Every structure is written in structure tokens, then in C-alpha cells.
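So you can see what is in the structure, the chains are spelled out below.
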Amino acid sequence: MIIVFCGAGLAACNSAGGISSPNVTNAPAAGFGQISTGSEEEFIINVGRRVYFDRGSAVVTEEAKMTIKNQADWLKQNNKWLVKVQGHADDPGSEAAQKTLSAQRADAVMAELVSLGVSPKRVWSKGYGVERPVTDCSSIECQSQNRRVVVNLREEFDESAPQAR
């Protein structure tokens, strides 16, 4: 008779054909083992900071609204954070049109956050156009990753914030 112990009990083991290994399916990801409540890591991992847009559009989709609601709920509970809403684009048109579209996207997300109760004194937006792509590629699936707004937490206002002036 062979007895195999993994961790504190059998629930922590995976076994097949008499071979056992530790259960790593639900183990914390490397570097994220101790995420503290109210931290930037918690926001990124548990809430999500990206909102995506349809091609050529600054209209907040229903799917995006769900993410923004989660962001707003978290931000209202963690009011020590300032919020920089950064718009990005990878759509047809000139560089100037991309900059305008990315600013419209950032403004749309910022307006949603404020409408959900996040203080407008904590939030500002900036459109980056095509300056900061997630990826540089020609396939439509790849380009769609660049049609986004990223909600970034800040400890202080930067030069792009009207509040800083």
C-alpha cells in the first residue's frame, strides 16, 4: 500500500496513474501572492483597468460599462487614489484624427466614472492617439487591442491634469 501526502490533505493533490503533484491550479500567480486591499495590484488583477472600443468609435459599449462600474465601485471604496484615464487609438485616419478619437474615448470613460459617483476632482483624461500601442501589427485582432482606454491609478496629479495647473 502506497500513501501519498500533498500539502495538508488530499484536496491539495492532483493524481493520475499513481503519480501525484501539488495542486497549482489555484495557486497565486508569481509576484501576486500577497495583494493588499486597496492596492494598485488589486485594481489591476481583480477589477481590470482596460476598456475596449469598436473601430472608429468613442461610444462606451454595454460590456465596457460593466468594467467601468466595477472600476467606479472600487475607486469609491479606495478614495486615496487619483485617476488618469488614458485614451488610445489604432483606427483609420490621420494622426490628428487618432489623437482626437483617443481623447474622446478617454473623456467618455471619465464621464461614466463621474456619473457613477467618482469625484471629478480626482479624475483627468488624456488622449495619446497611436503613440503608445500595446502591439504593432496589421491584423484586425491585433489592432483592436490598441483601441482602448486604460484607467491608471496615481498618487499625484501629473502635468496633463487640469487640477495640477
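Calculation notes
Residues numbered from 1 in each chain as written. Predicted model: local features only at pLDDT ≥ 70, side-chain atom pairs only at ≥ 80, totals over all residues. Heavy atoms only, no water. Helix = DSSP H or I, 4+ residues; strand = E, 2+ residues; numbered from the N terminus. Buried < 20%, exposed > 50% of the residue type's maximum accessible area, 1.4 Å probe, protein only. Polar contact = N/O pair within 3.5 Å; in protein donor to acceptor, adjacent residues only side chain to side chain. Phe/Tyr/Trp six-rings, centres within 6.5 Å; stacked < 30°, edge-to-face > 60°. Right-handed = clockwise from strand over helix to strand, strands pointing away. Contact = heavy atoms within 4.5 Å. Expected span 1.5 Å × (residues − 1).

> Can you explain the side chain of lysine 84? Please cite residues and give values.
Relative to the helices and strands, lysine 84 is located in strand S4 (residues 82–87). For lysine 84, a relative accessible area of 4% translates into the label buried. Polar side-chain contacts of lysine 84 include one of 3.5 Å to the side chain of serine 160.

> Would you mind going over the packing of aromatic side chains in detail, with residue names and values included?
The final tally for this structure, using the stated rule, is two aromatic pairs. Centroid distance phenylalanine 43 to tryptophan 74: 4.9 Å. Interplanar angle 50°. Geometry classified as tilted. Here phenylalanine 43, found in helix H1 (residues 40–47), pairs with tryptophan 74, found in helix H2 (residues 62–77); they are 31 residues apart in sequence, far enough to count as distant. For the residue pair phenylalanine 43 and tryptophan 74, the accessibility class agrees, reading buried in each case. Ring centres of tryptophan 124 and phenylalanine 157 lie 5.1 Å apart, and the angle between their planes is 55°; this geometry places the pair in the tilted category. One end of the pair, tryptophan 124, is in strand S5 (residues 123–127); the other, phenylalanine 157, is in the segment after strand S6 (148–154), and 33 residues separate them in sequence. Tryptophan 124 gets classed as buried once you look at its relative accessible area, which sits at 1%.

> Break down the pairing of S4 for me, with residues and values.
The element S4 is largely enclosed, with a buried count of six among its six residues. Of the two faces of S4, the one carrying Leu82, Lys84 and Gln86 and the one carrying Val83, Val85 and Gly87 are both buried. Crossover connection from S4 via helix H3 (residues 95–115) to parallel S5: handedness right-handed.

> Provide a residue-level description of the side chain of serine 125, including the pertinent values.
Tracing the backbone through its elements, the reader meets serine 125 in strand S5. In terms of polar contacts, serine 125 uses its side chain to reach the side chain of aspartate 107, at 2.5 Å. For serine 125, the residues in contact, after removing those within four places along its chain, are Val85, Ala106, Asp107 and Met110.

> I'd like a rundown of H3, residues and numbers included.
With 21 residues, H3 ought to run about 30 Å at 1.5 Å a step, and its terminal C-alpha atoms sit 30 Å apart, in line with that. Summarising the contacts, the buried residues of H3 are in contact with strand S3 (50–52), H2, S4, S5 and S6. Within two residues after H3, glycine 117 carries a phi angle of roughly 105°, on the positive side.

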